[in-house]
Amino acid sequence: MLTAKQRSYLRGKANRLDPLLHIGKDGINKGLKEQLDTLLFDHELVKGRVLDNSLEDVQGVAHKLAADCQAELVQVIGSVFVLYRENPEESIYNLPG
């Protein structure tokens, strides 16, 4: 569970990121979950976007993906969400205590 200070730190880092994950009309499927798992392992902090042609709502998608990939939901703004999962081998971000 992230603290408010850690969440704020990650929001600042995510501000400069481009969305790497796009959820369209197909919604959440096995391939998308595998792609997110790989992105979280490689980047730890991943920004995603729910496209206009998707039938899913952003909050629902963000919470479901976070639960399925054992990640933390950092924020949801508009159609964009940010997920974080620390890499156990080599962490990129030094979260504040």
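Report on the accompanying structure. What you are looking at is a predicted structure, and each value in this text was computed from that prediction instead of being measured. (Residues numbered from 1 in each chain as written. Predicted model: local features only at pLDDT ≥ 70, side-chain atom pairs only at ≥ 80, totals over all residues. Heavy atoms only, no water.)

What to know about helix 2 (residues 30-43)
The terminal C-alpha atoms of helix 2, which comprises 14 residues, lie 20 Å apart, in line with the 20 Å expected from a rise of 1.5 Å per residue. For helix 2, the full list of buried residues reads Leu 32, Leu 36, Leu 39 and Leu 40. The buried residues of helix 2 all sit within an arc of 100° when viewed along its axis, so they share a single face. On its buried face, helix 2 is in contact with strand 1 (21-23), strand 2 (45-50), helix 3 (58-68) and strand 4 (80-84). The first or second residue beyond helix 2 is Glu 44, which carries a positive phi of 70°. (Helix = DSSP H or I, 4+ residues; strand = E, 2+ residues; numbered from the N terminus. Expected span 1.5 Å × (residues − 1). Buried < 20%, exposed > 50% of the residue type's maximum accessible area, 1.4 Å probe, protein only. Arc of directions from axis to C-beta. Contact = heavy atoms within 4.5 Å.)

Remarks on the packing of helix 2 against helix 3
Running from N to C, helix 2 and helix 3 point in directions that differ by 65°, and their axes come no closer than 10 Å. Relative to helix 3, helix 2 is oriented roughly perpendicular. Crossing of helix 2 over helix 3 shows right-handed handedness. Facing Leu 32, Lys 33 and Leu 36 of helix 2, the residues of helix 3 in contact are Lys 64, Leu 65 and Asp 68. Taken together, the residues of the contact of helix 2 with helix 3 break down into 3 nonpolar, no polar and 3 charged. (Axes fitted to C-alpha atoms, helices over the stretch in contact; angles between N-to-C directions. Parallel < 35°, antiparallel > 145°, perpendicular 65-115°, else oblique. Left-handed = near helix turned anticlockwise from the far one by under 90°. Nonpolar A, V, L, I, M, F, W, Y, C, P; charged D, E, K, R; others polar.)

A word on the environment of Pro 19
For Pro 19, the position within the fold is in the loop between helix 1 (4-14) and strand 1. Between the C-alpha atom of Pro 19 and that of Val 80, which follows or precedes it by 61 residues, the distance is 7.8 Å. With sequence-adjacent residues up to four places away left out, Pro 19 is seen in contact with Lys 47, Gly 48 and Arg 49.

Notes on the pairing of strand 2
Of all 6 residues in strand 2, 5 are buried, a share of seventy percent or more. With 3 bridges connecting them, strand 1 and strand 2 associate as parallel partners. If you follow Ile 23 over to strand 2, its bridge partner there is Val 50. Handedness of the β-α-β unit built from strand 1, helix 2 and strand 2 comes out right-handed. Across 5 bridges, the pairing between strand 2 and strand 4 is antiparallel. Residue pairing for strand 4: Leu 45 is matched across the bridge by Tyr 84. (Pairing = 2+ DSSP bridges. Right-handed = clockwise from strand over helix to strand, strands pointing away.)

Shape descriptors only; they carry no functional weight alone.
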